[in-house]
Amino acid sequence: MTTPLLTISGIRAVYNHSVVALSDVSVTIGRGSIVALLGANGAGKTTTLHATANLLPAERGRIAAGKITFDGQDVLATSPGTLVRSGLVSVLEGRHCFKSLSVEENLITGAAGRGSRRREASADLERVYDLFPRLKAKRRISSGLTSGGEQQMTAIGRALMARPRLLVLDEPSMGLAPLVIEEIFKTLSRLNKEDGLTIFLAEQNAAIALRFAHRATVIENGHSVLEDTAAALRARPDIKSFYLGKADLHAAAEARNPTPSPVPA
Amino acid sequence: MTGFDFTFFLEVLVGGLLSGVMYSLVAIGFVLIYKTSGVLNFAQGAMLLFAALTFVSLVERGVPFALALAITFLVMVLLGITIERTVLRPLVNKPPITLFMATLGLSYIIEGAAQLIWGTQVHGLDLGIDDTPLEISGILISKFDLFAAAVAATMVAVLTVLFRWTRVGLAFRAVADDQFAALAVGLRLPRIWATVWTAAGLIALVAGLLWGARLGVQFSLSLVVLKALPVLVLGGFDSILGAIVGGLLIGASEKLAEVYLGDVFGGGIESWFAYAIALAFLLIRPAGLFGQKLVERA
């Protein structure tokens, strides 16, 4: 068996030397897999992802215990920029597009972060436009004026411009319409299949995450409490009721009006 | 009252606009640093003084003009990088007021250091351009003002090209927009800050020489920053274009006010008129003419 691409082992994260955000989180991400991180609001999903990209110091946070290894590299001793250049690239929660820059300029910052040559950058740009044709039409518009879905695509495209081996996404579905969410997840799945891109994503929308991910880790109050294949997690009644939120509702609806489930289980 | 002397009006206007360009130059130094690191760099004036003083002292010691310019530029680059390394980097993520206080302290340290190294006497600075008036289609224009405006315009053009069409410029604008995202994308923030401080040092050098030649190189030169504040209020703290237009407006309006309204207030209004405009602007349009209004769809 090959070594995992990313290993998070028993990390404890503290903000401002006082607020404990994570107590004991462990996640393993195999090469070429899609791994979802599930949990309620405030469970510690974002902190875990920021720790993965070593972004906590920029938020006055730090890892007090535990270890994160990306492809043999000690993440906590490597700057975020160096991690990007070795292939660990994040898409932040809430998109964080550069609002006054055009869509295309946003994408090019990804190439600038990696330090791509111009020729590489223009090839990558074509690839991103191929994945998200909508962005090509809006390339000259400032990204602050594009829709939420387009901003999410811009943020993902910007990360792809850095030629990631591990793409870390925080709530890609946040605030988006179901059709757009579907489109984005299909594209991520395509990148995973075609390019072998490894994906680590945090989601509150467990239904969609468990449909596309291979494996998932559930965290509660800063502890990772459960880890299994997506299929196994989907079948568990506790996951259904806590995270898919449809166990009882669904049963009730079924009793009243027997129709096929909108979300395939 | 006699008839309105249009030629005289134009002369005052053009003179005002040209001196406004010099305000713009100082203001741009502020804008660069404010945009990328959210710091109002109060030490900009001290840097300006330091540059002018270093240059004058070198020239007085017999260093040729071009060489002195090169050495001073090098010193300013080193100063900028040192400030970024030792003062700003350890304070990253601290509240803006902390950073502002740090630059305030810094300005005293730089002024003190300049005094320690070069002494306290007033130096004359001759750039070799005589301040004789030039007649252009009936209007008298100071040759020096024209030269200063040309230099400032060149600086602005170079900066615009740099920020609009190069990757460094793109990175600069990205950091100005969203620092955390820039970090996540892998942009090298320390390198961008160092570049910006270098640019600010260069601007301080140019502005220092121009102002120094105008006012003499002395410690009140660092107070030129105070004139940049109304320019920034007018133009917006985060807009280079705003700094340019703001400088022109302040320059022109204070000269015109002095000439045409001066008598009403008993003269000497040039020294405070800019601040009165700034105050009015704060009440009407706090973001300034070109200040960033958040461009975002709801």
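Just above, that's the structure.
Residues numbered from 1 in each chain as written. Chains lettered and ligands numbered in written order. Predicted model: local features only at pLDDT ≥ 70, side-chain atom pairs only at ≥ 80, totals over all residues. Heavy atoms only, no water.

**Q** What's the story with the overall build of chain B in this structure? I'm lost.
**A** Of the regular secondary structure elements, chain B holds 11 helices and 2 strands. The helix and strand sequence of chain B, counted from the amino end, reads α-α-α-α-β-β-α-α-α-α-α-α-α. Scaling as 2.2 N^0.38, a compact globule of 298 residues should have a C-alpha radius of gyration of about 19 Å, and chain B matches this with 20 Å. The principal-axis extent of the C-alpha atoms belonging to chain B is close to 65 × 60 × 35 Å. Within the span of chain B, comprising 298 residues, buried residues form 50% of the whole. Summarising the internal contacts of chain B: among those between residues at least 6 apart in sequence, 74% fall at separations of at least 24. When the accessible surface of chain B is summed, it comes to about 13,500 Å², and 70% of that surface belongs to carbon and sulfur atoms. Chain B carries 17 positive and 18 negative side-chain charges, and their two centres are separated by 17 Å. (Helix = DSSP H or I, 4+ residues; strand = E, 2+ residues; numbered from the N terminus. Rg over C-alpha atoms; globule rule 2.2 N^0.38 Å. Buried < 20%, exposed > 50% of the residue type's maximum accessible area, 1.4 Å probe, protein only. Contact = heavy atoms within 4.5 Å. Areas by Shrake-Rupley, 256 points an atom, 1.4 Å probe, with all protein chains shown as cover. Lys, Arg positive; Asp, Glu negative; His and termini not counted. Charge placed at Lys NZ, Arg CZ, Asp CG, Glu CD.)

**Q** Which parts of the structure should I look at to understand the packing of aromatic side chains?
**A** Working definition: an aromatic ring pair is given by the centre-to-centre distance plus the angle between the planes. Residues and elements named next belong to chain B. On inspection of all chains with the given rule, the structure shows 9 aromatic pairs over all chains. Ring geometry for F9 versus Y260: centroids 6.1 Å apart, planes at 50°, classification tilted. Highlighted residues: F9 in helix 1 (residues 6-37) and Y260 in helix 10 (residues 240-260), separated in sequence by 251 residues. Between F55 and F65, the aromatic rings sit 5.3 Å apart at their centres with planes inclined by 85°, giving edge-to-face as the arrangement. Taken together, the residues F55 in helix 2 (residues 44-60) and F65 in helix 3 (residues 65-88) connect sequence positions 10 residues apart. Ring pairing ties together the aromatic residues F6, F9 and Y260, which thus form one cluster. (Phe/Tyr/Trp six-rings, centres within 6.5 Å; stacked < 30°, edge-to-face > 60°.)

**Q** When you look at helix 1 (residues 45-52) of chain A in this model, what are you seeing that I'm missing?
**A** A turn of α-helix holds 3.6 residues, and therefore any two residues three or four places apart point the same way. Residue and element names in this part refer to chain A. Within helix 1, 7 of the 8 residues are buried, which leaves it mostly tucked inside the rest of the structure. Among the residues of helix 1, K45, T47, T48, L49, H50, A51 and T52 are the ones counted as buried. A positive phi of about 55° marks N54, the residue just after helix 1.

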